[in-house]
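Given next are the chains, with one letter for each unit.
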There are 2 protein chains.
Amino acid sequence: MNAVAELIEALPAGRVLTDPDVAGSYARDQTFLEPGKPLCVVVAQTRDDVVATMRWATEHRVPVVPRGAGTGLAGGATAIEGCVMLSLARMTEIRELSPADEIAVVEPGVITADLDRAAREHGMMYAPDPSSHEISTIGGNLATNAGGLRCVKYGVTRDSTLGLEVVLADGRIMDTGRRTMKGVTGYDLTGLFVGSEGTLGVITSAILRLRRAPAVPPVTIAAEFPSPRAAGDAVAAIVAAGCQPSLLELMDRNTLEAIDDWKNIGLEPGVNAMLIAQAEGSVPGDAAEMARLCEANGASFVAVSSTQEETDELIGLRRLAYTAKERLGACLVEDVCVPRSVLPDMITIIEEVAARHDAMICTVAHAGDGNLHPVFIFDRGLPEPPANVWAAADEVFRAALRLGGTLTGEHGVGLLKRRWLGLESGPVVNEVQQGIKRVFDPLGILNPGKAI
Amino acid sequence: MNAVAELIEALPAGRVLTDPDVAGSYARDQTFLEPGKPLCVVVAQTRDDVVATMRWATEHRVPVVPRGAGTGLAGGATAIEGCVMLSLARMTEIRELSPADEIAVVEPGVITADLDRAAREHGMMYAPDPSSHEISTIGGNLATNAGGLRCVKYGVTRDSTLGLEVVLADGRIMDTGRRTMKGVTGYDLTGLFVGSEGTLGVITSAILRLRRAPAVPPVTIAAEFPSPRAAGDAVAAIVAAGCQPSLLELMDRNTLEAIDDWKNIGLEPGVNAMLIAQAEGSVPGDAAEMARLCEANGASFVAVSSTQEETDELIGLRRLAYTAKERLGACLVEDVCVPRSVLPDMITIIEEVAARHDAMICTVAHAGDGNLHPVFIFDRGLPEPPANVWAAADEVFRAALRLGGTLTGEHGVGLLKRRWLGLESGPVVNEVQQGIKRVFDPLGILNPGKAI
């Protein structure tokens, strides 16, 4: 009996997909990267399915690539030649939702926005909200330590993760963390798994922290600026003034044009950046102060909305940004993060780099965190970004590091950023990371070649 | 030349203390545990001192016990026979304080409250505030992932730690983390070191997150209750109502009596618990709502103060609790944490356990986090807690775990809690933790026998 036949035998009927076309449809994430050919796909429905798959993979030394919805932007879930793609997307149960303890216990295939909606029925919310929240899964969010729009106030996925159930490379089950708000029993294995991009184990359940949903809708501000630099200066001023926005997003002219071309938002000439900010009811003075600081930093137009409809419309605009850009061509989506005080400098550098390399860059930023997504557009006919785009991206990465920043704020390293990793991490960190990887995965079968 | 002579030679003059009496004064933390006899003490003043010490220790295979101010409550800094006590208490520089980036870069010997005061000169604060904050160091706080009074709103030390400089067991220097608010480059080594109790490396510098200090003093409530259970019910109601206290502390009758004996606070008969709560200006309605919920749950008296003086007085009272108890006898200070909804149950169990084992227990709780400190008082003449105290503590630990809680919310495992660790963590977690320990410390010289 060959290996795949053994796997089929080890799992309930229908879990293993071997048709090459079907398997191929699980092989990519949202990057342009050309995947390897998977041996097969396992569509797990229970923890036991994952256990059986990992036992089999250890026995046969077959690489396993865990996968959620495939919305990743760094190649973390790209298939490796001859791997098993292990989909967790069908493990969609919210097992528990406790407003009293402010926690939820969920399976990895739960769609992020679905958990948030379920929590809101109890007056709670699940704070992390990557732009992909309507299509990405909790498991994928955990793998990349996803951020989002609200994380300027509420932190990233790791900040909302209290405990995990993990299946290790050899099929053993490990529970990390706890159901309590605090705890320091042993090393922080929960935090170690969050952001590890499927290289240390397969998450089959998570204890997540919920927060109170604000009682009244936030006040939302939209401000138009003559330049991205001016918008960046407004952001720096808002942070320096001690405002506590629950959302602070920046879009450049290219992004606005892409949205305008698609949705006709009536973009005026001379508007070269837009800032969207929110203040929650708990800090009522902040909205007026943020509007004032936008005007003081050159905003030509500032709109303030306080109904849920207007707010949803504005945020909806921002959430369209990535899809709007995809209409322009193939995208290399970057994710640098810099200390907040140098956000205006980073914006200027991105503009200079674009001009110097004749690269089309559309930038959106979770500006309150200093996290920028310069999206490099290139010809859809090309198999990968052309030389000028790589050269521009390389300069952006190096500039971010020079300013005290990092290569990736919330997308992860995946495959895409591995070649720059050494610039940020250095040899001692690299050696330690490899050592940790060997503790969990001595045979190197878990998503090999990714993340570290 | 013997080993100690080599160490003296490797370091600047005056760094190594060999007098046994002096060395003995560095051998204890605040537990009753009888320490081993140190070989000597190194009082590090620079990172290079730490590097030289660790190189020497690796060469000679001498155990090293890192130490801050020695205020630990779990034995993490208790000397091991023949070890070097490595004091970081003289590394007290605040290297950088940036309000614009909301970070500080500090050495491990900085006193926690000193950093907070320095930050407040710039309108910022350092949020973690263990009760010992006027005497404990940042390095000790990092080692135990310290919490404190404010962590109900602002999280524990790990939540305020962005990056670390660490000297590894063999003297190599490793930088973890970043200066930015977000980042996911590689595994979370920063989080791994926080709470690792000096078993993975020696922290020589930390990039810490600052927060905006509230613009107006918080409103503080003190409420007196006929029973701790009633106070616990009020806490559960406050959490369930969605109030967002910045502090929510509970003290039982024994604790109040200990304070009253010392400071004469006019404690009335029938007052069997007190709750102290704070609401920051950003949530103005919360103070009134919390006061109302205290009354609805049986509070006999509720005082509301909004001047800084009154607030300082009330919080000062709470911070006296531990010292007041030390006047009663030797203390076994415990640190269980339970899901918040079962805090009232845990309080009842502690009372029952105290009665059943004829043990004197004074309980304070960071009630908003579900984190209780039952302090077991025993005869100062005894070298360690008598059998009835251990039996009572054992029951408290097991009950906390049964309720979904943890052995330690913020003090760490140290030596004291190691014998219960297996009840919480299980064999797979234990094996993984030992594997991680070996990656960082293959010779087992870093604080051996602690934490895991």
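Residues numbered from 1 in each chain as written. Chains lettered and ligands numbered in written order. Predicted model: local features only at pLDDT ≥ 70, side-chain atom pairs only at ≥ 80, totals over all residues. Heavy atoms only, no water.

*Asks:* Can you lay out the overall build of chain A for me, pointing to particular residues and giving the numbers?
*Replies:* Within chain A, the regular secondary structure consists of 15 helices and 18 strands. Taking 452 residues into account, the globule formula puts the C-alpha radius of gyration at 22 Å, and chain A, at 22 Å, falls close to it. Taking the principal axes of its C-alpha atoms as reference, chain A extends roughly 70 × 55 × 45 Å. For chain A, with 452 residues in total, the buried portion stands at 63%. Carbon together with sulfur atoms contributes 50% to the accessible area of chain A, which is approximately 15,600 Å² in total. (Helix = DSSP H or I, 4+ residues; strand = E, 2+ residues; numbered from the N terminus. Rg over C-alpha atoms; globule rule 2.2 N^0.38 Å. Buried < 20%, exposed > 50% of the residue type's maximum accessible area, 1.4 Å probe, protein only. Areas by Shrake-Rupley, 256 points an atom, 1.4 Å probe, with all protein chains shown as cover.)

*Asks:* Quick rundown of the nonpolar core? Include the residues and the values.
*Replies:* I436(A), F440(A), I436(B) and F440(B) are the most contacted members of the largest nonpolar core, which totals 62 residues. Not counting the four nearest positions on each side in its chain, F440(A) is found in contact with L168(A), A169(A), M174(A), L189(A), L192(A), F193(A), L200(A), V432(B) and I436(B). (Core = buried A, V, L, I, M, F, W, Y, C linked by side-chain atoms within 4.5 Å. Contact = heavy atoms within 4.5 Å.)

*Asks:* Pulling in residues and values, what's your account of the interface of chain A and chain B?
*Replies:* Listed by partner, the interface residues are 73 residues for chain A and 73 residues for chain B. In total, about 5,800 Å² of surface goes out of reach between chain A and chain B, with carbon and sulfur atoms giving 60% of it. By the criterion of area lost to chain B, the three top residues of chain A are K182(A), V184(A) and Y187(A), representing 17% of everything that side buries. Taken together, the connections running from chain A to chain B amount to 10 salt bridges. Residue E410(B) pairs with K182(A) through a salt bridge whose shortest N-O separation is 2.8 Å. For the pair chain A and chain B, the interface holds 28 residue pairs in polar contact (both at pLDDT 80 or more). When residues of the side of chain A that touches chain B are traced back to their parent elements, those giving at least two are β9 (173–177), α7 (189–193), α8 (228–240) and α15 (421–440) of chain A. Considering every element that reaches the side of chain A that touches chain B, the biggest residue donor is α15(A), with 13 residues. Here the side of chain A that touches chain B is composed, by residue class, of 29 nonpolar, 28 polar and 16 charged. (Buried area = accessible area lost by both parts, 1.4 Å probe. Salt bridge = Lys/Arg side-chain N within 4 Å of Asp/Glu carboxyl O. Polar contact = N/O pair within 3.5 Å; in protein donor to acceptor, adjacent residues only side chain to side chain. Nonpolar A, V, L, I, M, F, W, Y, C, P; charged D, E, K, R; others polar.)

*Asks:* So what's going on with the sheet that holds strand β4 (residues 84–87) of chain B? Residues and values would help.
*Replies:* All names here are of chain B. Spatially, 4 strands are ordered β1-β2-β4-β3 in an open sheet, and the strand pairing comes out mixed. The sheet terminates laterally at β1 (16–17) and β3 (64–67), the two strands that pair on one side only. Direction of pairing for β1 relative to strand β2 (residues 40–43): antiparallel, over a ladder of 2 bridges. The residue of β2 that forms the bridge with V16 is V42. In this fold helix α3 (residues 47–60) packs onto β2, β3 and β4, with an angle of close to 165° to the strand it touches most, β4. (Pairing = 2+ DSSP bridges. Axes fitted to C-alpha atoms, helices over the stretch in contact; angles between N-to-C directions.)

*Asks:* Please set out the pattern of salt bridges residue by residue, giving values where relevant.
*Replies:* Residue and element names in this part refer to chain A. By the definition in use, this model includes 56 salt bridges over all chains. For R28, the salt bridge goes to E34, with nearest N and O atoms at 3.0 Å. Overall, the relative accessible area of 64% leaves E34 in the exposed class. Among the ionic pairs, D116 bridges to R120, the shortest N-O distance being 3.1 Å. Of the two residues, D116 and R120 are both situated in helix α4 (residues 112–120); the distance of 4 residues between them amounts to about one turn of the helix. Its relative accessible area of 9% is what places D116 among the buried residues. Taken together, the salt bridges that share partners define one network made up of D116, R120, D129, R150 and R319.

*Asks:* Got a sec to walk through the sheet that holds strand β8 (residues 161–167) of chain B? Specific residues and values, please.
*Replies:* Residues and elements named next belong to chain B. One open sheet accounts for 5 strands, arranged β5-β6-β10-β8-β9; its pairing is antiparallel. Of all strands in the sheet, those bounded by a partner on one side alone are β5 (94–98) and β9 (173–177). Across the sheet, the axes of successive neighbouring strands diverge by a mean angle of 10°, strand direction being ignored.

*Asks:* Quick rundown of the packing of aromatic side chains? Include the residues and the values.
*Replies:* All names here are of chain A. Under the definition given, this model contains 10 aromatic pairs over all chains. With a centroid separation of 5.3 Å and an interplanar angle of 85°, the aromatic rings of F193 and F440 are classed as edge-to-face. Taken together, the residues span a long stretch of sequence, with F193 in helix α7 and F440 in helix α15 at a distance of 247 residues. F440 gets classed as buried once you look at its relative accessible area, which sits at 4%. Of the aromatic side chains, those joined through ring pairs into one cluster are F32, F378, W390, F397 and W420. In this arrangement the basic side chain of K263 is found over the ring face of W262, its NZ or CZ atom lying 4.5 Å from the centre. (Phe/Tyr/Trp six-rings, centres within 6.5 Å; stacked < 30°, edge-to-face > 60°. Lys NZ or Arg CZ within 6 Å of the ring centre and 35° of its normal.)

*Asks:* Give me the lowdown on empty space enclosed by the protein, citing residues and values where you can.
*Replies:* Residue and element names in this part refer to chain A. Tallied over the entire structure, the rule returns 1 cavity of 30 Å³ or more. What the largest cavity holds in volume is close to 40 Å³. What lines the largest cavity is Q30, T31, F32, L73, Y322, C331, L332, V333 and L416. Among the elements that make up the lining of the largest cavity, the one with the highest residue count is strand β16 (residues 330–333) (3 residues). Of the residues in the lining of the largest cavity, the class split is 7 nonpolar, 2 polar and no charged. Residue assignment places the lining of the largest cavity across two domains, with domain 1 (3–87) and domain 4 (329–442) each supplying three or more. (1 Å grid on protein atoms, 1.4 Å probe; cavity = no way out; pocket = protein on both sides within 12 Å on 5 of 7 lines; lining within 4 Å. Points joined across faces, edges and corners; volume = space filled by probe spheres on them. Domains from an automatic or database assignment.)

Read these as geometric descriptors, not functional statements.
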